[in-house]
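# Descriptive structure summary
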Amino acid sequence: MASFEHAFLAAAAMVLVWTWIGVPVAVRLFAGAGALLLAPALGFAIHVVVALPAFRLIGMGRGAVVAVTAACVVGAVLAMRGQKGAVRWPPVSLAVAVVLAALLACVPAASVLPKATSEGVTLSASIFDHSKIAMIDGMARSGVPPLNPFVHEAGTPDRLAYYYLWHFGAAVFAVLTGASGWEADAALTWFTGFASLLLMIGLALRLGAGRAAPFLVLVLAASASVRSLLDALPFASVLKAASGLGGWLFQTAWAPQHLASASCVVLACLALVRLAEGGGWLAALLFGLLAAAGYQTSIWVGGVTFAVAAFAIALFLLLSLEPQRRAGFAVTVGAAGALALLLSLPFLLDQASVAAARGGGFPLALSAVEVLGAPVTATLRAWLDVPAYWLVYLPVEFASFYVAGSIGLWMFVKERRAAAMPLALLVAASLAVAGLLRSTVAWNNDLGWRAVLPALLLLVPIAAAAISRGSTVSSRIAGVFAAAGVILALPYTLELAREDLFASPTPSERAFADAPALWQAVQRHASMDERVANNPAFLADATPWPVNISWALLGNRLSCYGGDDLAIAFAAAPAPSRAATRDLFDRVFAGMAKPGDVRALAERYGCDVIVLVPQDGAWARDPFTSGDVYRPVEAQDGWRIYRRVQRPANQLKPRSSQ
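In what follows, the accompanying structure is described. No experiment lies behind these values; they were computed from the predicted model shown.

### A short note on the pairing of strand β9 (residues 640-644)
- Most of β9 sits out of view: 4 of its 5 residues are buried.
- As judged from the 4 bridges shared by strand β7 (residues 609-612) and β9, these two strands associate in the antiparallel manner. Looking at β9, one finds that Leu612 is bridged to Arg640.
- As paired elements, strand β8 (residues 630-635) and β9 share 5 bridges and run antiparallel to each other. Following the sheet pairing, Arg631 is matched in β9 by Arg643.

Here it is as structure tokens:
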């Protein structure tokens with residue numbers, strides 16, 4: 001099981017390394033109020049996006065990881081030598097806010113760790129989305145580029161085609177500190193939440209906020225939706241049921257990689273503004289690195305959303321410049337974009353290869369968010385869903401800061417602040433993409449749920465900055481809306497925090513508590529590059545949706561088929577092929593294997609090791625006992641383990657199959 005102590009050690013190492021790497025860049029390019037608070041998010045992006053191609057070349061052994069990380073830290077030290085006196089200690093009130101931010105980030109990070117109960121061990125609901133921990137373990141074992149740990153099928157690409165840079169960052173610190181992938185994921189979830197809170201506080205200070213703003217940022221960020229309150233009202237059915245959209249507390253627990261990408265996007269837009277102000281080659285280099293990091297961390301946030309926002313902001317800045325400076329600005333932005341493209345090319349090629357193998361058409365569709373429910377006729381919904389998204393949906397989901405932040409944004413734009421219009425364009429692009437586009441890769445609209453994150457990271461500090469000024473009517477109105485939102489959202493905020501910290505009981509608590517011994521036994525019989533098959537439905541009720549969670553968290557080995565929910569996102573195969581694969585594995589582990597099914601596991605799906613447990617139907621109707629394809633290597637009361645029979649390549653097939 002993951003331990004708090006190891007996760008804490010990894011998190012502390014992340015803060016020390018990434019903050020130190022980010023400090024000289026933050027001080028040099030973003031000098032002024034709150035510059036140091038941008039350092040952790042900057043350091044993360046710079047380090048991981050530079051380290052990834054280095055580790056592709058030299059491998060990811062511990063010596064290489066230590067050497068590259070030490071080189072980055074030493075480079076930061078040398079850069080700081082020329083900036084003596086530029087770093088100033090923050091006032092005591094700001095230091096208190098930083099400590100409180102660190103404590104607040106512990107709430108969503110706690111959702112990743114196991115919770116002991118009287119019955120065994122339970123998991124928070126958001127652990128479903130952390131099944132990608134298998135990617136962290138895979139990179140820590142075998143380096144990069146990673147193999148697909150979730151599924152394998154002969155004739156399809158075996159490389160992992162996913163925006164895995166965030167998970168790569170966790171793998172780096174797993175290697176550095178000796179933490180498991182599970183512990184490194186928890187550590188990076190905390191760091192991502194902490195860095196994003198500091199980024200928001202820093203942005204509020206850059207907008208000229210008052211002393212209360214850092215604390216207001218924390219309150220507004222922690223506040224959740226008022227949906228649960230509305231659901232208790234008689235007219236609740238007018239709105240469709242809640243989806244995967246949520247505020248900072250929800251998104252950090254469920255999708256920290258997308259939150260990290262949003263931080264990169266916000267910082268990249270700040271670097272773009274700095275470039276227009278005359279930031280020189282350093283601003284251009286930073287813009288390219290941040291753009292690459294944003295895309296490699298989330299295709300939805302750093303790819304689609306950033307592309308729309310960056311185009312609008314760059315065009316605005318270009319038209320705002322003196323005519324004689326426009327050509328130089330355009331060339332520099334183009335060069336930075338070329339750098340981002342070069343760094344991201346391996347991701348683009350892998351994703352294009354898998355998209356071609358999967359078929360299914362374009363991964364995006366123009367489709368407005370469905371806001372209104374069945375009581376509203378379909379004809380009216382077609383006309384009203386778009387305005388309802390802006391006027392109802394967003395105020396409900398972001399009750400504490402959407403209206404207050406919009407008022408604050410209007411205030412700052414009206415004052416003609418230099419940074420206000422680019423921020424307004426990023427907010428508009430983020431919310432428009434979330435409201436008008438949807439992803440078609442899976443059943444869920446991951447694009448719509450995550451594209452709002454840059455807007456979230458901006459509206460919270462803008463609202464805090466506006467409220468903290470307090471001397472104008474607009475500030476007071478924003479304060480009233482924010483206070484009402486915080487109070488009305490309190491029941492759901494507490495519900496989310498309770499789930500993160502304590503989780504809910506599940507029927508699988510005892511079985512999950514016994515799972516580490518099972519997977520330690522599997523590791524004894526499976527080498528690091530071999531693939532394991534177990535029942536994808538094992539402990540399915542430990543998570544809100546069925547996923548092979550014990551393998552993902554504890555297996556530390558590749559799977560030949562991790563289950564349908566993982567295959568939808570990661571399999572390089574069209575939908576009919578995925579359905580056939582699902583049916584095959586369901587049959588075999590239910591004990592209803594057909595002739596040829598067991599051999600297909602070995603030859604088509606590359607399953608080197610098979611695991612059976614008493615909960616499987618195949619435990620009583622075991623199809624692996626013939627010894628023709630698999631042989632038993634270990635049997636206990638709680639498991640049976642089989643290994644694939646290896647034959648010389650030139651050996652004839654058995655007579656019965658000729």
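### Considering the packing of helix α12 (residues 280-297) against helix α13 (residues 299-320)
- Where α12 contacts α13, the two axes come as close as 5 Å, and the packing angle between them is 125 degrees. Comparing the axis directions of α12 and α13 gives the class oblique. Touching Phe287, Ala291, Gly294, Tyr295 and Thr297 of α12 are Ile299, Gly302, Gly303 and Phe306, all from α13.
- Considering only residue class, the contact of α12 with α13 consists of 5 nonpolar, 4 polar and no charged.

### As for the side chain of Asp385
- Residue position: Asp385 is located in helix α15 (residues 378-397).
- One buried charged side chain, Asp385, makes no salt bridge at all; its nearest oppositely charged neighbour is Arg381, positioned 5.0 Å away.
- Among the polar contacts made by the side chain of Asp385, one reaches the main-chain amide nitrogen of Val371 at a distance of 3.1 Å.
- Sequence-distant contacts of Asp385, that is, excluding residues within four places in its chain, are made with Val369, Glu370, Val371 and Leu372.

### What to know about the sheet that holds β8
- Strands sit in the order β6-β5-β7-β9-β8 across an open sheet of 5 strands; the sheet is mixed. Of all strands in the sheet, those with a lone pairing partner are β6 (558-559) and β8, marking the two edges.
- By the bridge criterion, 2 bridges tie strand β5 (residues 531-533) to β6 in an arrangement that is parallel. Note that in β6 the partner of Val532 across the bridge is Ser559.

### Considering the environment of Ile487
- On the secondary structure map, Ile487 appears in helix α20 (residues 473-502).
- For Ile487 and Leu259, which are 228 residues apart along the polypeptide, the C-alpha to C-alpha distance reads 25 Å.

### What to know about unusual backbone geometry
- Between Val144 and the following residue, Pro145, the backbone shows a cis peptide bond with an omega angle of 0 degrees.
- Within the fold, Pro145 resides in the loop between α5 (133-142) and α6 (165-177).
- Despite not being glycine, Asn556 has its phi angle at roughly 50 degrees, a positive value.
- Looking at the secondary structure, you find Asn556 in the loop between α22 (549-555) and β6.

### As for the environment of Leu205
- As for its position among the elements, Leu205 is in helix α7 (residues 181-206).
- For the pair Leu205 and Ala464, spaced 259 residues apart in the sequence, the C-alpha separation amounts to 9.5 Å.
- What Leu205 contacts, discounting residues up to four positions off in sequence, is Ala33, Gly34, Leu37, Leu94 and Pro214.

### What about the pairing of β7?
- Covered by surrounding structure in β7 are Val609 and Val611 together with Ile610 and Leu612, the residues of both alternating faces.
- In the sheet, β5 pairs with β7 via 2 bridges, with the strands oriented parallel. In the strand pairing of β7, Ala533 is matched with Ile610.

### Section: the state of the cysteines
- Enumeration over the complete set of coordinates arrives at 1 disulfide.
- Free of any disulfide, Cys72 has its nearest cysteine sulfur in Cys264, 15 Å distant.
- This cysteine, Cys264, is not joined by any disulfide, and Cys269 carries the nearest cysteine sulfur, 11 Å off.

### Quick notes on the pattern of salt bridges
- Tallied over the entire structure, the rule returns 20 salt bridges.
- Between Glu603 and Arg599 there is a salt bridge, with its nearest N and O atoms 3.2 Å apart. On the criterion of helical spacing, the pair formed by Glu603 and Arg599 is a turn pair, its members being 4 residues apart in helix α25 (residues 597-603).
- Among the ionic contacts, a cluster of salt bridges with common partners joins Asp129, Asp446 and Arg450.

Definitions and cut-offs
- Along each chain, numbering runs from 1 in the same order as the chain's sequence is written.
- Selection of residues for local features in this predicted model requires a pLDDT of at least 70, selection of side-chain atom pairs for listing and counting requires 80 or more, and totals for whole chains, interfaces and linings are taken over all residues.
- Where side-chain values are given, they derive from all heavy atoms of the structure, hydrogens and water being excluded.
- Note on classification: 1.4 Å probe, protein chains only; a residue is buried when its accessible area is under 20% of the maximum for its type, exposed when over 50%, partly exposed between these limits.
- The helix and strand labels rest on DSSP assignments: H or I over at least four residues marks a helix, E over at least two residues marks a strand, and numbering proceeds from the N terminus.
- Strand pairing is assigned whenever DSSP identifies at least 2 bridges connecting the two strands.
- To get an axis, fit a line to the C-alpha atoms, keeping to the stretch in contact for a helix; angles then go from 0 to 180 degrees between the N-to-C directions.
- Each angle is binned into one of four classes, with values under 35 degrees roughly parallel, values over 145 roughly antiparallel, values of 65 to 115 roughly perpendicular, and all other values oblique.
- Throughout, a contact is declared for two residues whenever any of their heavy atoms are within 4.5 Å.
- Lys, Arg, Asp and Glu make up the charged group, whereas Ala, Val, Leu, Ile, Met, Phe, Trp, Tyr, Cys and Pro make up the nonpolar group; the residues left over, Gly among them, are polar.
- Counting rule applied: Lys, Arg positive; Asp, Glu negative; His and chain ends not counted.
- One speaks of a salt bridge when a side-chain nitrogen belonging to Lys or Arg is within 4 Å of a carboxyl oxygen belonging to Asp or Glu.
- The definition of a polar contact used here is a pair of N or O atoms within 3.5 Å, where within protein one atom must be able to donate a hydrogen and the other to accept one, and adjacent residues in sequence count solely through side-chain atom pairs.
- For this text, the term disulfide refers to a pair of cysteine sulfurs within 2.5 Å.

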